[in-house]
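# Secondary and tertiary structure notes
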Amino acid sequence: MNASIFALFFLFLLSSASQAQSAFRNATADFDKGDKLYSEERYKEALREYQRLPVSVEAHKRIGAAQIKLWDMNAAIASLRKAVALAERDSEALALLAEALSWKGDFDEASALYRRSLADKTAPVSVRLGYARTLSWSKDIDGALEQYRIATREFPRNLDAHMGLAEMLSWKKQFDASIESYRRVAELTDISAYKSVALSRVGKVQTWKGDMKAAKETYQRALRLNAKNPDAMFGLGELHEWEGNYPEAKALYQRILQAQPEHKAAKAKLMQLLWVK
């Protein structure tokens, strides 16, 4: 009798272990499938896969991340609060919750969460950039500038860090330093379209400085790298307009609208120049 009970108990343990291993394999497969869909930007399908997972910090983080991509910030915040409740020191969960709150305009709580996330010295650069962006949105330009400076020191080849730094410097009217940072971006990347974006920003700052000749040359260089860059076309169009070269200005604004029919600024410019020859 005792031997029979022992045998049944042993079989029960084997069955339980087998079921646990099967559940683990299934959960891992679900993570992999969802992650693949997420990497392919198929966020709705990824979300469905993640929502099948057993409750865990990792599941809540993935669900929240997909909801952010789907622009469902209320749902993302709810999911990510669950993740943080389960793991208060999880840097990734804190940063994701901060991101969702920042998009919702809750800058104070977002900033506090970013600071908690940054207590983890292994936090990726995206966390500091998110914190800097949140500070800039809350009009704390000095704070944002400091965070972008730290990011460029810690990750000297990160393009977004240099772009953010350049933008903050331009807002502080430190135009030469801003131009230098934008040019640094153009030097760091081999992608023509990104070089063009950085150079169009240089042209904009040169315009603010009043250096119209340099700005025109910079915009033209940006367009040689990417003929469809709307910022370069718009900036160059404004320069032609200010010089009284209205046909060239109109042509550039029309080129923008061919690519982006809803470009409000280009539409407004064409309306202003409708009866001008």
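Heads up: the structure comes first, above all this text.
Structure report, in brief.

Cut-offs applied
Residues numbered from 1 in each chain as written. Predicted model: local features only at pLDDT ≥ 70, side-chain atom pairs only at ≥ 80, totals over all residues. Heavy atoms only, no water. Helix = DSSP H or I, 4+ residues; strand = E, 2+ residues; numbered from the N terminus. Buried < 20%, exposed > 50% of the residue type's maximum accessible area, 1.4 Å probe, protein only. Areas by Shrake-Rupley, 256 points an atom, 1.4 Å probe, with all protein chains shown as cover. Axes fitted to C-alpha atoms, helices over the stretch in contact; angles between N-to-C directions. Left-handed = near helix turned anticlockwise from the far one by under 90°. Contact = heavy atoms within 4.5 Å. Nonpolar A, V, L, I, M, F, W, Y, C, P; charged D, E, K, R; others polar. Phe/Tyr/Trp six-rings, centres within 6.5 Å; stacked < 30°, edge-to-face > 60°. Core = buried A, V, L, I, M, F, W, Y, C linked by side-chain atoms within 4.5 Å. Expected span 1.5 Å × (residues − 1). Salt bridge = Lys/Arg side-chain N within 4 Å of Asp/Glu carboxyl O. Parallel < 35°, antiparallel > 145°, perpendicular 65-115°, else oblique.

### Remarks on the overall build of the chain
The number of helices and strands found in the chain is 15 helices and 0 strands. Each of the 277 residues in the chain was classed as buried or not, and the buried ones make up 44%. Accessible area of the chain: about 16100 Å², with a carbon and sulfur share of 54%.

### Points about unusual backbone geometry
The general pattern is negative phi for most residues beyond glycine and trans for most peptide bonds. With a phi angle near 65°, Trp71 is a residue other than glycine that sits in the positive phi range. Position of Trp71 relative to the elements: it lies in the loop between α3 (57–69) and α4 (73–86). A relative accessible area of 53% places Trp71 in the exposed class. Positive phi, close to 60°, is recorded for Lys173, a residue that is not glycine. Along the chain, the position of Lys173 falls in the loop between α9 (159–171) and α10 (175–188).

### Here we look at the packing of helix α12 (residues 212–225) against helix α13 (residues 230–242)
Across the interface, α12 lies against α13 with an axial gap of 9 Å and an inter-helix angle of 145°. Remark: the crossing between α12 and α13 carries left-handed chirality. Where α12 approaches α13, its residues Met212, Ala215, Lys216, Tyr219, Gln220, Ala222 and Leu223 are matched on the opposing element by Asp231, Ala232, Met233, Gly235, Leu236, Leu239, His240 and Trp242. Broken down by class, the residue content of the contact of α12 with α13 amounts to 10 nonpolar, 3 polar and 2 charged.

### Considering the packing of aromatic side chains
Taken as a whole and judged by the stated rule, the model has 7 aromatic pairs. On the basis of an interplanar angle of 55° and a centroid distance of 4.9 Å, the ring pair of Trp103 and Trp137 is categorised as tilted. Taken as a pair, Trp103 in helix α5 (residues 91–104) and Trp137 in helix α7 (residues 125–137) lie far apart in primary sequence, 34 residues in all. By relative accessible area, which is 36% here, Trp103 ends up partly exposed. Among the residues examined, Trp137 registers a relative accessible area of 31% and is labelled partly exposed. The interplanar angle of 55° and the centroid separation of 6.5 Å between the aromatic rings of Phe107 and Trp137 together place this pair among those described as tilted.

### Examining the side chain of Ser200
Structurally, Ser200 is set in helix α11 (residues 192–209). In this structure, Ser200 is in contact with Tyr219, Ala222, Asn229, Asp231 and Ala232, ignoring residues within four places of it in sequence.

### Notes on the nonpolar core
With 37 residues, the main nonpolar core has Ile68, Leu80, Leu97 and Ala100 as its most contacted residues. Of all the elements in the fold, those that place two or more residues in this core are α3, α4, α5, α6 (107–118), α7, α8 (141–154) and α9. No other element matches α5, which puts 8 residues into this core. Among residues more than four places away in sequence, those in contact with Leu97 are Ile77, Leu80, Arg81, Val84 and Leu113.

### Regarding the environment of Gly105
With respect to the secondary-structure elements, Gly105 resides in the loop between α5 and α6. Spatially, the C-alpha atoms of Gly105 and Trp137 are 8.4 Å apart, while their sequence positions differ by 32 residues.

### Digging into α8
For α8, which comprises 14 residues, the first-to-last C-alpha distance of 20 Å matches the rise-based estimate of 20 Å (1.5 Å per residue) to within 8%. Within the sequence span of α8, burial applies to Ile141, Gly143, Ala144, Leu145, Gln147, Tyr148, Ile150, Ala151 and Thr152. In this structure, the buried residues of α8 make contact with α6, α7 and α9.

### A closer look at the pattern of salt bridges
Applying the stated criterion across every chain, the model contains 19 salt bridges. In this structure, Asp176 and Lys209 form a salt bridge, with 2.7 Å as the shortest nitrogen-oxygen distance. Here Asp176, found in helix α10, pairs with Lys209, found in helix α11; they are 33 residues apart in sequence, far enough to count as distant. Judged by its relative accessible area of 40%, Lys209 falls in the partly exposed class. When salt bridges with common partners are traced through the structure, they connect Asp35, Glu58, Lys61, Arg62, Asp90 and Glu92 into a single cluster.

### Quick look at the packing of helix α2 (residues 43–51) against α3
Here α2 crosses α3 at 160°, and the two axes come no closer than 9 Å. With respect to α3, the element α2 is oriented roughly antiparallel. In this structure, α2 meets α3 at a crossing whose hand is left-handed. On α3, the residues that touch Tyr43, Leu47, Tyr50 and Gln51 of α2 are Arg62, Ile63, Ala66, Gln67 and Lys69. Classifying every residue of the contact of α2 with α3 gives 5 nonpolar, 2 polar and 2 charged.

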